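Residue strings, one per chain:
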Amino acid sequence: MKAAVWYKARDVRVEDVPSSAPGPGEVAVAVAYCGICGSDLHEYADGPHAIPVGAPHPESGRQAPLTLGHEFSGTVTEIGPGVTGFSPGDRVAVEPHYRCGDCARCRAGEYNLCRHFGFAGLMGDGGLAERAVVPSYMLHRLPDGVSLEQAALFEPAAVALHSIRRSGLRDGESVAVVGLGPIGLLVVQLAARYGAGRIVAADPSGTRRDLALRLGATEVVDAGGLPAGDADVAFEAVGTEGTLRDCLAASRRGGRVVLLGLGGTFAFDAFALVNNEQSIIGTVGYRGVHPELIRLVAEEGMDFTPIVTSTVPLAAVVRDGFETLLDTGSPKEEIKVLVRP
C-alpha cells in the first residue's frame with residue numbers, strides 16, 4: 001500500500017510499505033481522509049520533536065521511519081483477534097491517543113495523561129496511508145448522518161473542545177482567542193456553541209478573521225489588538241511568548257489563560273499574575289469528547305468543514321500539503337488541508 005513515511009526533516013516519502021494484518025485488539029481501517037496538523041508540519045520542517053528515533057515508543061513499538069497522520073477517518077476492513085463491537089464496513093472516526101490502561105492516570109480516566117502518552121501518526125504509524133492498523137479502543141463508529149470528511153476533523157475539534165472544558169467556560173463569559181489556525185477557529189466555533197458571550201478573535205490574517213466571524217466570533221482584531229483586561233478566558237493558540245503575554249494582558253483580574261500552542265520557554269510577569277490572581281491552564285490532547293462531537297454533528301448539524309481549504313491526493317501530500325502550508329507567500333492561504341488516500 002502507499003503511505004507517507006517520515007524519515008527525517010524535509011524527507012517525507014510517499015512509497016509502498018507492507019500492509020500488515022491487525023493483531024490482537026487491533027483493527028484495520030481503509031483511510032478516507034486525513035488532515036495535516038501543525039504538529040505534522042513541525043515534524044516535516046525541523047523534526048524530530050515527538051517522533052521516536054533510536055528507541056521504539058512503548059505502546060506502539062514503532063520508531064522512525066514511520067507513517068505520519070493522526071487526524072483521520074475511514075472504514076473498517078478487518079478486525080484482529082479479541083476485537084468486539086466492530087465489523088468490516090463500519091464507518092469510523094479515529095481518536096489516535098495511545099494509552100496503557102494501567103497507569104494511575106489511565107485508571108482515573110485521564111488517558112490523555114498516560115505515562116506512555118502518544119499519537120498514532122507521530123509515535124506510531126498513522127493515517128497518511130491507504131490503510132491504517134490501530135488499537136480498537138481508538139475507534140468511534142459513525143452514525144449515517146456524519147460524513148467521513150466531518151469525522152476527519154474531529155481530532156482538531158477534540159483539542160478545541162477539551163480546552164474549553166479545561167477552561168471552565170460558563171454561560172455568558174467573555175472569550176479571547178489568539179491565533180486563528182484550525183485549532184483557534186474551532187475554539188471560536190465551539191465556544192460560541194457552549195455559551196460564550198463576547199468572543200474576540202485575533203490574528204494577522206484577514207482571511208482567518210473573516211472566517212472567525214462566520215464561525216461565531218463577535219469581534220475580530222489584528223494581532224496584538226485585543227482589548228486590555230477584558231476577557232474572562234483567553235485561549236493562546238499560537239505558542240509564542242508574545243501571544244502568551246497578549247493573553248495575560250487581555251484577561252481580567254481573576255481570569256484564566258488556556259495554553260494550546262506548542263511553545264518553548266517563556267518569560268512573563270509572575271508578580272502581575274499573582275496580584276491579578278490569574279490562572280494559566282495547560283491542556284494536552286483530549287479525553288472523552290468524541291461522543292459529544294459526533295452528537296453535535298449528527299443531532300445539531302454542526303459543521304466543522306468551513307476550515308477546510310483544500311483536499312489533495314496522497315501522491316501530492318508533500319508538494320500540495322506540507323510545502324504549501326509552509327509557504328507564507330502562496331497566493332492561496334491554506335488553513336486546513338485534508339489528504340484523501
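The structure we're discussing is the one just above.
Residues numbered from 1 in each chain as written. Predicted model: local features only at pLDDT ≥ 70, side-chain atom pairs only at ≥ 80, totals over all residues. Heavy atoms only, no water.

### Here's the deal with the environment of Arg91
Quick reminder of the rule: Labels follow the DSSP assignment, with helices taken as runs of H or I lasting at least four residues and strands as runs of E lasting at least two, numbered in each case from the N terminus. The buried label goes to any residue with under 20% of its type's maximum accessible area, the exposed label to any with over 50%, and the partly exposed label to all in between, with areas taken from a 1.4 Å probe on protein chains only. The contact criterion used is simple: two residues touch if any of their non-hydrogen atoms lie within 4.5 Å. Between N or O atoms, a polar contact is any pair within 3.5 Å; within protein, one atom must be a potential hydrogen donor and the other a potential acceptor, and residues adjacent in sequence are included only when both atoms are from side chains.
In this structure, Arg91 sits in strand β6 (residues 91–94). By relative accessible area, which is 23% here, Arg91 ends up partly exposed. For the pair Arg91 and Pro24, spaced 67 residues apart in sequence, the C-alpha separation works out to 20 Å. Once residues within four sequence positions are removed from consideration, Arg91 is found in contact with Gly74, Thr75, His140, Arg141, Leu142, Pro143, Asp144, Val146, Ser147 and Leu148. A distance of 2.3 Å separates a polar side-chain atom of Arg91 from the backbone oxygen of Val146.

### Details of the environment of Glu299
Checked against the element boundaries, Glu299 lands in helix α9 (residues 290–300). Considered as a pair, Glu299 and Pro22 are 277 residues apart in the sequence and their alpha carbons are 33 Å apart.

### Some remarks on helix α10 (residues 317–326)
The test is simple: Taking the helix axis as origin, the arc is that swept by the directions to the C-beta atoms.
Residues Val317, Gly321, Phe322 and Leu325 constitute the buried set of α10. All buried residues of α10 project into a common sector of 75° when viewed along the axis, lining one side. Turning to α10, the residues buried within the fold contact β1 (2–8), β2 (11–16), α1 (38–46), β17 (308–313) and β18 (336–340).

### Considering the packing of aromatic side chains
As a reminder, the rule being used: Any Phe, Tyr or Trp ring, taking Trp's six-membered ring, that has another such ring centre within 6.5 Å forms a pair; planes under 30 degrees apart are called stacked, those over 60 apart edge-to-face, and the others tilted. For a ring to carry a charge above it, either NZ of a lysine or CZ of an arginine must fall within 6 Å of the ring centroid while also lying within 35 degrees of the normal to the ring plane.
Enumeration according to the criterion identifies 4 aromatic pairs in this entry. Ring centres of Tyr44 and Phe322 lie 4.9 Å apart, and the angle between their planes is 15°; this geometry places the pair in the stacked category. Taken together, the residues Tyr44 in helix α1 and Phe322 in helix α10 connect sequence positions 278 residues apart. What makes Tyr44 buried here is its relative accessible area of 3%. The interplanar angle of 70° and the centroid separation of 6.4 Å between the aromatic rings of Phe119 and Tyr286 together place this pair among those described as edge-to-face. Of this pair, Phe119 sits in strand β8 (residues 118–119) while Tyr286 sits in the loop between β16 (279–282) and α9, and the two are 167 residues apart along the sequence. With a relative accessible area of 0%, Tyr286 lands in the buried category. Put simply, the rings of Phe117, Phe119 and Tyr286 pair up and form one aromatic cluster. In this structure, Arg13 is placed above the aromatic ring of Tyr7, and the distance from its NZ or CZ to the ring centre is 3.7 Å. Over the aromatic face of Tyr111 sits the side chain of Arg99, whose NZ or CZ is 3.8 Å from the ring centroid.

### A word on the sheet that holds strand β11 (residues 175–178)
Let me state the cut-off plainly: Two strands make a pair as long as DSSP finds a minimum of two bridges between them. For helices, the fitted axis covers only the stretch in contact; all axes are lines through C-alpha atoms, and the angles between them, taken along N-to-C directions, range from 0 to 180 degrees.
Taken together, 6 strands build an open sheet; the order of strands is β13-β12-β11-β14-β15-β16 and the sheet is parallel. Bordering the open sheet on either side are β13 (219–221) and β16, each of which pairs with just one other strand. Taken pair by pair, the neighbouring strands of this sheet meet at an average axis angle of 20°, ignoring direction. Where strand β14 (residues 231–236) lies against strand β15 (residues 251–259), 5 bridges are found, and the strand directions are parallel. Looking across to β15, one finds that Val233 is bridged to Arg256. Packing against the sheet, helix α7 (residues 241–250) makes contact with β11, β14, β15 and β16, and its axis sits at approximately 150° to β15.

### Observations regarding unusual backbone geometry
With omega at 10°, the peptide bond leading from Gly47 into Pro48 counts as cis. Assignment of secondary structure puts Pro48 in the loop between α1 and β4 (66–67). With phi around 65°, Arg10 is a residue other than glycine that occupies positive phi space. The phi angle at Glu277 is positive, at roughly 50°, despite the residue not being glycine. Along the chain, Glu277 turns up in the loop between α8 (270–275) and β16.

### Notes on the packing of helix α5 (residues 182–193) against helix α6 (residues 206–215)
Here is the rule: An angle below 35 degrees is treated as roughly parallel, one above 145 as roughly antiparallel, one from 65 to 115 as roughly perpendicular, and anything else as oblique. For any helix crossing, the convention is left-handed if the near helix is rotated counterclockwise from the far helix by under a right angle, and right-handed if that rotation is clockwise.
Orientation of α5 relative to α6, taken along the N-to-C sense of each, is 20°, at an axis distance of 9 Å. One way to sum up the angle between α5 and α6 is to call them roughly parallel. The handedness of the crossing between α5 and α6 comes out as right-handed. Between α5, through Leu185, Val188, Gln189 and Ala192, and α6, the contact on the second element is made entirely by Arg208, Leu211, Ala212 and Leu215.

### Re the nonpolar core
Worth spelling out the cut-off: Here, nonpolar core refers to any group of buried Ala, Val, Leu, Ile, Met, Phe, Trp, Tyr and Cys residues whose side-chain atoms link them within 4.5 Å.
Core analysis: the largest hydrophobic core is formed by 87 residues, its most contacted members being Phe154 and Phe304. Counting residues per element, this core draws most heavily on helix α4 (residues 154–167), at 7 residues.

### Section: the side chain of Thr305
For Thr305, the location among the structural elements is in the loop between α9 and β17. Owing to a relative accessible area of 19%, Thr305 belongs among the buried residues under this scheme. A polar contact is formed between the side chain of Thr305 and the side chain of Asp303, at a distance of 2.5 Å. Setting aside chain neighbours within four positions, we find Thr305 in contact with Glu149, Gln150 and Leu153.

### A short note on the side chain of Glu334
Along the chain, Glu334 falls in the loop between α10 and β18. Apart from residues no more than four positions distant in its own chain, Glu334 is found in contact with Arg208, Thr309, Ser310, Thr324 and Leu325.

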